[in-house]
Amino acid sequence: MKLPLLFLSLLLLALPTLAQELPADGQAGHVRFLITHNWTKKMASLDYMSEQSRQKAQYMWGSRSEWKEYMEMYFSPDASLYFLSEESPDPDLETYSWKKDAYFIRRDFAGARQSDLLTLTGKTYLVDDSLRCPAWKILNDLKEVAGHVCMSASWVDTLKGQTMLAWFALDIPSSAGPERLCGLPGMILEIDINNGALVIAADKIDFYPVDAGKLALPSKPKGKKISEAEYQSILAKYIAEKRENQEPWFWGLRY
Amino acid sequence: MRKFTLLCCFLFFILPHILPAQTPNRVTLSGTVADTSGAEIALPTVMLLNPQDSTLLNYTRGDEKGQFVFKNIPNKSYLLKVSYIGYIPLQVAVEPSPNPENNLGMLGMKPLNEQLMEVVVRTAKAALSIRGDTVEYDPSSFKVPPGSSVEDLLRRLPGIEVDAEGNIRAQGQDIRRVYVDGKTFFGDDPKAATKNLGAETLSKVQVYDEASEQTKITGIDDGKEIKVMNLELKDEYKKGSFGKVTGAVGTEERLAGRASYNRFNEQEQLSFIGYGNNINETGVNWEDYGEFKGQGAFSDFDNGDFGFEGGGRGYYFSSSGGPLNNFDGRGFTENFGGGVNYNFDNKKTKVNASYFYNQTDLTFREYTTRNNFVEEGTFTNEDTLRQDAFQRRHSLSSRLEHEIDSSNNIIVKANLALRENDTQQAKSQYFTDNLDMPINRLLTATDNLTGAGDLTSAAIFRHRFRKKGRTFAASAGFNATGNDGDDDLLFQNLFIRTEDPSEFFRQDADVANRTQQLKSSLLFTEPLSKKWFVESFYNFSQTNNLADRQVEDPTQNGGERIDSLSIYYDNQVLYNRLGSVVRYAHDGLNIGMGLAAQQLQLKGDYARGEGEPALGDPVRLDFFNWIPYASMEYEFTNNMSVDFDYRYSVNEPSFTDLQPVAIITNPLFVREGNPALEPERMHSINLGYNYWNPASFANIGVHGGFNVYDEQIVYNQTVELIDSVGLRTTTAPANAKGGYGYDFWFWSNFPIIKTKLSAGINGGLNGRLAPAFVNDVKNETRTNGVDGRFSLNYTPSNKLILNGGISVGLDDVQYSIQSQQNQQLISNSAYAGVKWEFVPKTFVESNFNYNANRNDQTGFEQNVPIWNASVRRIFGPKNRWETRLAAFDLLDRRVNVVQRATQNYVTTSVAETLAQYFMLSLSYNVRGFETGVKKRGFW
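Residues numbered from 1 in each chain as written. Chains lettered and ligands numbered in written order. Predicted model: local features only at pLDDT ≥ 70, side-chain atom pairs only at ≥ 80, totals over all residues.

### Side note on the overall build of chain A
Turning to step 1, where the next piece is worked out: Looking only at helices and strands, chain A features 4 helices and 12 strands.
Turning to step 2, where the next piece is worked out: Classification of the 255 residues of chain A by burial places 38% in the buried group.
Turning to step 3, where the next piece is worked out: The contacts in chain A between residues at least 6 apart in sequence include a share of 53% that link residues at least 24 apart. (Helix = DSSP H or I, 4+ residues; strand = E, 2+ residues; numbered from the N terminus. Buried ≥ 20, exposed ≤ 12 C-beta atoms within 10 Å, placed from the backbone. Contact = placed C-beta atoms within 7 Å.)

### Observations regarding the overall build of chain B
Turning to step 1, where the next piece is worked out: When helices and strands are tallied, chain B shows 7 helices and 47 strands.
Turning to step 2, where the next piece is worked out: A separation of at least 24 residues holds for 63% of the contacts in chain B among residues at least 6 apart in sequence.

### A look at the nonpolar core
Turning to step 1, where the next piece is worked out: Within the largest apolar cluster, 65 residues are counted, with the highest numbers of intra-cluster contacts made by Met73, Cys150, Ala166, Phe168, Ile188 and Leu189 of chain A.
Turning to step 2, where the next piece is worked out: Setting aside residues up to four positions removed in sequence, Leu189 of chain A forms contacts with Val145, Ala146, His148, Cys150, Trp167, Phe168, Ala169, Ala201 and Ala202 of chain A.
Turning to step 3, where the next piece is worked out: Judged by nonpolar contacts, the second largest core, of 18 residues, contains Val150, Leu154, Ala170 and Met229 of chain B. (Core = buried A, V, L, I, M, F, W, Y, C linked by C-beta atoms within 7 Å.)

### Comments concerning the confidence of the model for chain B
Residue and element names in this part refer to chain B.
Turning to step 1, where the next piece is worked out: This prediction gives chain B a mean pLDDT of 85; 89% of its residues lie at or above 70.
Turning to step 2, where the next piece is worked out: Ignoring residues within four places in sequence, the model shows residues 15-20, a span with pLDDT below 50, making 0 contacts including any to other chains.
Turning to step 3, where the next piece is worked out: For the stretch residues 311-321, pLDDT sits under 50, and the model shows 21 contacts to residues farther than four places along the chain or on other chains.
Turning to step 4, where the next piece is worked out: Note on the complex model: pTM 0.81, ipTM 0.84. (pLDDT = per-residue confidence, 0-100.)

### Overview of the interface of chain B and chain A
Turning to step 1, where the next piece is worked out: Facing 60 residues of chain B, the contacting portion of chain A comprises 45 residues.
Turning to step 2, where the next piece is worked out: Breaking the side of chain B that touches chain A down by element, the ones donating at least two residues are strand S2 (45-49), strand S3 (56-61), strand S5 (78-83), helix H2 (114-123), strand S8 (128-131), helix H6 (286-293), strand S28 (567-586) and strand S29 (589-607) of chain B.
Turning to step 3, where the next piece is worked out: Element by element, the count of residues in the side of chain B that touches chain A is highest for S8 of chain B, at 4 residues.
Turning to step 4, where the next piece is worked out: By residue class, the composition of the side of chain B that touches chain A is 22 nonpolar, 20 polar and 18 charged. (Nonpolar A, V, L, I, M, F, W, Y, C, P; charged D, E, K, R; others polar.)

### Let's talk about helix H4 (residues 228-244) of chain A
Turning to step 1, where the next piece is worked out: For H4 of chain A, which comprises 17 residues, the first-to-last C-alpha distance of 24 Å matches the rise-based estimate of 24 Å (1.5 Å per residue) to within 8%.
Turning to step 2, where the next piece is worked out: With its phi angle positive at about 55°, Gln246 of chain A sits one or two positions after the end of H4 of chain A. (Expected span 1.5 Å × (residues − 1).)

### A closer look at helix H3 (residues 51-61) of chain A
Turning to step 1, where the next piece is worked out: Turning to H3 of chain A, its buried residues number three or more, namely Lys56, Ala57, Tyr59 and Trp61 of chain A. The arc that holds every buried residue of H3 of chain A, seen down its axis, measures 165°, which confines them to one face.
Turning to step 2, where the next piece is worked out: Residues of H3 of chain A that are buried make contact with helix H2 (39-44) of chain A together with strand S17 (255-264) and H6 of chain B.
Turning to step 3, where the next piece is worked out: Of the residues flanking the end of H3 of chain A, it is Gly62 of chain A, one or two places downstream, whose phi is positive at about 40°. (Arc of directions from axis to C-beta.)

### Remarks on the sheet that holds strand S1 (residues 26-35) of chain B
Whenever strands of a sheet pair, they do so through backbone hydrogen bonds, lying parallel or antiparallel.
Residue and element names in this part refer to chain B.
Turning to step 1, where the next piece is worked out: Spatial ordering of the open sheet is given by S4-S1-S7, a layout of 3 strands whose pairing is mixed. Only two strands of the sheet have a single partner each, and these edge strands are strand S4 (67-74) and strand S7 (101-109). On average, adjacent strands in this sheet sit at an angle of 20° to one another, irrespective of strand direction.
Turning to step 2, where the next piece is worked out: Relative to S4, S1 runs antiparallel, the two being bridged by 6 bridges. Following the sheet pairing, Leu29 is matched in S4 by Phe70. (Pairing = 2+ DSSP bridges. Axes fitted to C-alpha atoms, helices over the stretch in contact; angles between N-to-C directions.)

### A short note on the environment of Val284 of chain B
All names here are of chain B.
Turning to step 1, where the next piece is worked out: In this fold, Val284 is placed in the loop between strand S18 (268-277) and H6.
Turning to step 2, where the next piece is worked out: C-alpha separation for the pair Val284 and Asn326, spaced 42 residues apart in sequence, amounts to 9.0 Å.
Turning to step 3, where the next piece is worked out: For Val284, the residues in contact, after removing those within four places along its chain, are Ile273, Tyr275, Tyr289, Phe292, Pro323, Leu324 and Asn325.

### Section: unusual backbone geometry
All names here are of chain B.
Turning to step 1, where the next piece is worked out: One non-glycine residue, Asn775, adopts positive backbone phi at about 50°.
Turning to step 2, where the next piece is worked out: Mapped onto the secondary structure, Asn775 falls in the loop between strand S38 (757-774) and strand S39 (777-797).
Turning to step 3, where the next piece is worked out: Among the residues examined, Asn775 registers 16 C-beta atoms within 10 Å and is labelled partly exposed.

### Details of the sheet that holds S3 of chain B
All names here are of chain B.
Turning to step 1, where the next piece is worked out: Strand order in the open sheet formed by 4 strands is S3-S2-S5-S6, and the pairing between neighbours is antiparallel. Looking at strand neighbours, the two that pair on one side only are S3 and strand S6 (90-94), the edges of this open sheet. Strand-to-strand twist of the sheet, defined as the mean angle between neighbouring strand axes without regard to direction, takes the value 20°.
Turning to step 2, where the next piece is worked out: Where S5 meets S6, 5 bridges bridge the pair, whose relative direction is antiparallel. Along S6, the bridge assignment pairs Val82 with Leu90.

### A word on the confidence of the model for chain A
The predicted coordinates should not be examined in detail at positions where pLDDT is low.
Turning to step 1, where the next piece is worked out: Overall, the predicted model of chain A reaches an average pLDDT of 85, with 88% of residues at or above 70.
Turning to step 2, where the next piece is worked out: Element-level pLDDT for chain A is lowest in helix H1 (residues 2-21) of chain A, with a mean of 43, against a maximum mean of 95 in strand S10 (residues 188-193) of chain A.

### Details of the pairing of strand S40 (residues 800-815) of chain B
All names here are of chain B.
Turning to step 1, where the next piece is worked out: As paired elements, S39 and S40 share 15 bridges and run antiparallel to each other. Across the sheet, the residue bridging to Asp787 is Gly809, located in S40.
Turning to step 2, where the next piece is worked out: Hairpin connection between S39 and S40: a loop of 2 residues separates the two successive antiparallel strands.
Turning to step 3, where the next piece is worked out: Pairing of S40 with strand S41 (residues 823-839) involves 12 bridges; the strand directions are antiparallel. Paired with Asp812 across the bridge in S41 is Gln824.

### Side note on the environment of Pro840 of chain B
All names here are of chain B.
Turning to step 1, where the next piece is worked out: Position of Pro840 relative to the elements: it lies in the loop between S41 and strand S42 (842-855).
Turning to step 2, where the next piece is worked out: We classify Pro840 as exposed; it has 11 C-beta atoms within 10 Å.
Turning to step 3, where the next piece is worked out: For the pair Pro840 and Tyr850, spaced 10 residues apart in the sequence, the C-alpha separation amounts to 31 Å.

So, in structure tokens, the structure goes:
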């Protein structure tokens, strides 16, 4: 009779500590992002292509140039891992599978480091450096994304020529975000690049404890280790070359 | 002076005490966030922004009691921003603090109008902009029927009321003034804008308080504020128009004109195009056609024929005479055409409708030499053809795509074309034997007048089940074509050997053809797991064909029917196929394996004329086959891929080949039928390899295709020398076992000097073995072809492009019955081109082509050098004008040469065409012409 009582009281004593071990609500979990690509808007953002050819692409392709894909992200108070999803939002593409380039974006907020395993112009790299986040400008708009009220912020990526409008959640205290973006007081749930050329929006968020294994980079493939500065210079060189050739740079690079 | 000393003393003693106290380097900033009633706000987000540009410098989160602190931060001006769900974000200007501790005290946040929050942010999922007291709505989130006014839209916006008279109230206050793009619209009546503007023209609706007119005039705030509304119009780029017009005059009475005009807005596109010329442009080019069709240009690929290849029983109507330029290089043409196209697209519904008219008047003269090989030797005919053909065509096309809801989608399309053809031709054929001795000369005059109509239509429905990956699709189509014509022939055969008097024949044929096809397909896809799927399909088609050719001799009894040449037949092909494919798709590997049961039923009844007794036994054929299929595609990680597929096809013989009587449209060429023909059966295998380097954009592709026939339909020939007539060739279709075909090609493009010099190389091998009987002796014709091209593109600057290349082609043809007649057809060419902007906006462009055609066996050799050059200048405001002086074929050498060797004959044709002329043109382009030399486009 005493034993169960003791057990119960022990359990009761342990409960608050157990609960403390779990991250508080909104601290860890999984997010699915839906990416909508709009090719004509991507083309419209290339200032080095002639005005006539950009207008023509818009006129001829218009709304037919959209396609969608999913990305996923695990996050905890310490880190986040963003990667390509196995699922496809387009049911017509379900019965066909494309080989996907490596793309794993890891942000270690506790150790202030970034390590990205990604394929760039046909080669796989590990971009390993101290954490760099954009210098965001905070704007005044409010909007709901996937059930969370978000505030807007913007940043201009001068290298790729992209104006980004981010929507960060006021109630998810994480500075994680999709792609290589981070550094806002709440999790970035939506990014609109160049007025709709690429829209990445969270469409499903689940909160649950995430163990460290889910937040780790895969052991394969191996990538050549480079710094953020080296990564930026590979991008810069490639974009400059495509500019010289009057070709869109995003046929060979992630937008 | 004393005053100055005093001041100096004051500064000397006092200042050091004040300054350090005013500006400590570091400061700790703290405060408490509460709502306006004083209640604490737990866990607010607090941000420090740069006051100049709102850049985020630091952020923190308050505690449960709303207290926040920024420790040891630089002491300077900040914009402190506090946000919390359900409250209007609060901004506080923070100045450098004189103390190291700067407590801002209690910061009160105003609750956000609950209705706005719920309705706008949560329900409409619209962005709600808050700029101070301004609240902004995004009208696109509030659906109103097309054609609604702004007033209708406002009635739907939360927090805004519109009464029966059109008076507007926002957040409980009357709207006194309505601005459009920040400006007063038609005086002071707020209703003028809301009643007259269309809801679809707006991009934003803003409501805010404005100082009263009194305050504006006096500059003294009387404390009275009025509610105003601003309507922001959508950006201008969403609607617009563009167009261009070109007129050109040249030597040799050459004229050309082209015009196009396009209007568009966010949902609609309307375009017009027209052209007329005598410079052999029989239609518009791809670029202009694409712009004319706009968003409807890429909708021609709807496929309602489900299942693996061969399920379609595709019914293709001749596309010749369509809006695209399809000049084949022979003769002189006069062309006119024009059309209108309309597209509508609101993402759910896409509509495309277009009408096009075009006509071409073609005249040409062609000289052809044909060497025919039979076992006994070779005979030759030399033909001179003169043709005058007039064609006109009206075509209407329409397509509707509608997304009923997220799981149902339908496409309906219909195309109609009406064609008219009036052709006169005169042909002289001179026959000689293997000793070059003349046999006979045949003169033929043909007058053909045909009217035809084609209709194609289809509907495709797709449904997605709730279960992921499970889909159903159904399609139905109806196609019909019909033509009626008069085909009048006049022959004169001069038999030279026997010095017989020349012989005249006349045939007046009344020709009518009717074909109708009804088809339908079903497809069901079921996922077995994440990687495995099964596709099951059923295809059905029924094709009815009626052909009537009544031939009479107008010289006999006032038009007596020539029975031997008249035929009437009615036939039907019924096709059923049921099959399944199992597919695997994962990580770049796609495999498909399938099997189908296919049934073909052919029914044919032949008679001399309608309602007359049957000719021979009716055709009743029934073929059943199992059709296997396999395919595999694999992508490696480094942008390399391989693919493979295997197909088996069974194609029924055509009814022309099955007919039991001969068709004679020329007394020296008779075409017989064969009612006992079996279908053609073929295995085919395709293999491919592709590589693309995303860093350099270099690519390589290799492809191989092989066909092996189980059963082939071949055309046996009988060549006889008939007294007083000459050499008569009779062709009869028959089945033959064996025979194969292959083709292999590769291509590669690669940069040699990045961004400056690039090269392209491609080439191929192809061949086939075709057995056929010639005068009852089996002849196997082996054809092997090889071709290759190499090109270089050099762009030293953005003002100059140079390019050049060579190509070689060789066809080797071997005949088993007469190996001494084996042929080698050679056609090689080289080209060079330049585009140079030598003065800004002034370009010189030139290209030179040299084509060499040779056949050593027949001694044929013809070399054609073509040199074109032009200079053009862009001028005027926005580069809208362009003038161009062009010289075509400066060497005056253009002719059209075609060499062909097959079965048991080789032909060489040379046709006259438009050669040297000079042309001056003037063009106007609303969008402006592109300056600079264009290296590449988007594709």
